[in-house]
Amino acid sequence: ATIPNINLDAALAYLEDKYLYWYQEDGQDKVVFQFAIENNKCVVMSDPLAQSGYLEKGLSQFLADAEDTNISVIFYEINQETTLLLHEYGYDFMKFGETAQVLLDRFTTEGKKGKKFRTVVNRLENKGYQFQVLQPPFDKKLLNTLKEISDNWLDGRQEKGFSLGFFDEKYIQLAPIALVRDKEDKVQAFVTFLASNGPEEASIDLMRYHLRTAPNGIMDYLFVKLLLHFKEEGVSFFDLGMAPLSNVGTEKHSFLQEKVAYLIYAFTNRFYSFSGLRQYKQKFNPIWRPRYVAYPRDTWLILDMLAIYRVDNRKVKRLSY
């Protein structure tokens, strides 16, 4: 099956924690880049959002403007098309990880193939747990409940931003949410949908559960029910998101820059563990697609990777434009 090149990360612009660069022609927006600044480095998050036929023009103007202001541009978690285009502009690149898409036509809880998923669902529903999808707007009482669960899940740790969503009421009001309720009708887990979801591909952002009261297996249950929900909606693919450093820099013959990236992220990550992430997503039999980091050939990769790390782990806040 052909996976569409849809940039679901477009929804993250609504977090207002990144700057936006617009390329226009005749006063019309054609391409937009989401980015953050770290010292003299500009870190672009994901692929540019571009109207058909305008990607190269927008990219050329963006790089020219960055050069005029003596800013080095790094591209983070981009697809193969953008990577190869940047290579023509003198960029080197390395694989950063893989993103997983589930072909929903093939996903089932029926028969022998779906037994493991059916077991997950039955285990909790036999105990009175229920899955529910709600449409915005959400009332204050529900938002307070979600905030309590989110705070409990964070357990005093700092949220990530930039390439992931964070708990923000304004952001959460933009799209549906899915809940898991227990037999007493108390919310034990929730996920937020992306505002950029469409008929071909959909995904989620925040995934939170109550550490002390949610049962084991609640996220497995939530994922299975989500896949079934989007399948019933007629969506073709469900994006499970990135597995950073998946199959990157761990082999004897890996490129040096991949080994450098692996070491930086393996030893500096303090919150979101990458180990086992690919294995977890693999249970849903996804199609894996590579994602890349592209960086100027005349820069030091170590400094570029540290810039990405700092941007991806800075304290979340809305910017004042």
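Residues numbered from 1 in each chain as written. Predicted model: local features only at pLDDT ≥ 70, side-chain atom pairs only at ≥ 80, totals over all residues. Heavy atoms only, no water.

J.: Residue-level account of unusual backbone geometry, with values.
T.: With an omega dihedral of 5 degrees, the bond running from Pro136 to Pro137 counts as a cis peptide bond. By the element assignment, Pro137 lies in the loop between strand S7 (130-134) and helix H4 (140-154). Of note in this structure, Asn70 is not a glycine but carries a positive phi near 60 degrees. Note that Asn70 resides in the loop between helix H1 (55-68) and strand S5 (72-78). For Phe162, which is not glycine, the phi torsion reads 60 degrees and is therefore positive. Within the fold, Phe162 resides in the loop between H4 and helix H5 (169-172). Residue classification places Phe162 among the buried residues on the basis of a relative accessible area of 3%. (Helix = DSSP H or I, 4+ residues; strand = E, 2+ residues; numbered from the N terminus. Buried < 20%, exposed > 50% of the residue type's maximum accessible area, 1.4 Å probe, protein only.)

J.: Let's hear about the packing of aromatic side chains: which residues, and what values?
T.: Within this structure, the stated rule accounts for 17 aromatic pairs. With 4.8 Å between their ring centres and 45 degrees between their planes, Phe107 and Phe117 make a pair best called tilted. Of this pair, Phe107 sits in the loop between strand S6 (91-103) and helix H3 (115-125) while Phe117 sits in helix H3, placing them 10 residues apart in sequence. Here the two residues Phe107 and Phe117 agree in accessibility, since each one is buried. Plain terms: the ring middles of Phe117 and Phe284 are 5.6 Å apart, the flat faces sit at 5 degrees to each other, and that makes the pair stacked. Taken together, the residues Phe117 in helix H3 and Phe284 in the loop between helix H8 (277-282) and strand S12 (287-296) connect sequence positions 167 residues apart. Ring pairs connect the aromatic residues Tyr19, Tyr21, Phe33, Phe35, Phe62, Phe75 and Tyr91, which therefore count as one cluster. (Phe/Tyr/Trp six-rings, centres within 6.5 Å; stacked < 30°, edge-to-face > 60°.)

J.: Explain empty space enclosed by the protein residue by residue, including any values.
T.: Going through the model one piece at a time under the given rule, you end up with one cavity of 30 Å³ or more. In this structure, the largest cavity encloses a volume near 50 Å³. Tyr171, Ile172, Leu174, Ala175, Pro176, Ile177, Thr192, Phe193, Leu194 and Ala195 together form the lining of the largest cavity. Of the residues assigned to the lining of the largest cavity, the class counts are nine nonpolar, one polar and no charged. (1 Å grid on protein atoms, 1.4 Å probe; cavity = no way out; pocket = protein on both sides within 12 Å on 5 of 7 lines; lining within 4 Å. Points joined across faces, edges and corners; volume = space filled by probe spheres on them. Nonpolar A, V, L, I, M, F, W, Y, C, P; charged D, E, K, R; others polar.)

J.: Residue-level account of the nonpolar core, with values.
T.: Here is a general trend for soluble globular proteins: nonpolar side chains tend to be buried in one another's company. Of all hydrophobic cores here, the largest spans 36 residues; its most connected members are Val43, Ile177, Leu179 and Val293. At five residues, the largest contribution of residues to this core is made by helix H9 (residues 301-313). Sequence-distant contacts of Val293, that is, excluding residues within four places in its chain, are made with Ile74, Phe75, Tyr76, Asp92, Phe93, Met94, Phe96, Met305 and Ile308. Ranked by size, the runner-up nonpolar core spans 35 residues in total, among them Leu124, Val224, Ala243 and Trp288. (Core = buried A, V, L, I, M, F, W, Y, C linked by side-chain atoms within 4.5 Å. Contact = heavy atoms within 4.5 Å.)

J.: Provide a residue-level description of the side chain of Glu38, including the pertinent values.
T.: Mapped onto the secondary structure, Glu38 falls in strand S2 (residues 28-38). Separated by 3.0 Å, the side chains of Glu38 and Arg314 make a polar contact. Leaving out residues up to four positions away in the same chain, Glu38 has contacts with Ala307, Arg310, Val311 and Arg314. (Polar contact = N/O pair within 3.5 Å; in protein donor to acceptor, adjacent residues only side chain to side chain.)

J.: So what's going on with the pairing of S5? Which residues, and what values?
T.: The element S5 is largely enclosed, with a buried count of seven among its seven residues. Bridging between strand S3 (residues 41-45) and S5 involves five bridges; their strand directions are parallel. When the sheet's bridge partners are listed, Met45 is paired in S5 with Tyr76. Sheet topology note: the S5/S12 ladder contains three bridges and is antiparallel. When the bridges of S12 are listed, Tyr76 appears paired with Val293. (Pairing = 2+ DSSP bridges.)

J.: Break down the environment of Leu228 for me, citing the residues and quoting the values.
T.: As for its placement among the helices and strands, Leu228 is situated in helix H6 (residues 218-232). Classification of Leu228 as buried rests on a relative accessible area of 19%. In this structure, the C-alpha to C-alpha distance between Leu228 and Phe107, residues 121 residues apart in sequence, is 7.8 Å. If sequence neighbours within four positions are ignored, Leu228 has contacts with Phe107 and Thr109.

Bear in mind that shape data such as this cannot, by itself, settle questions of function.
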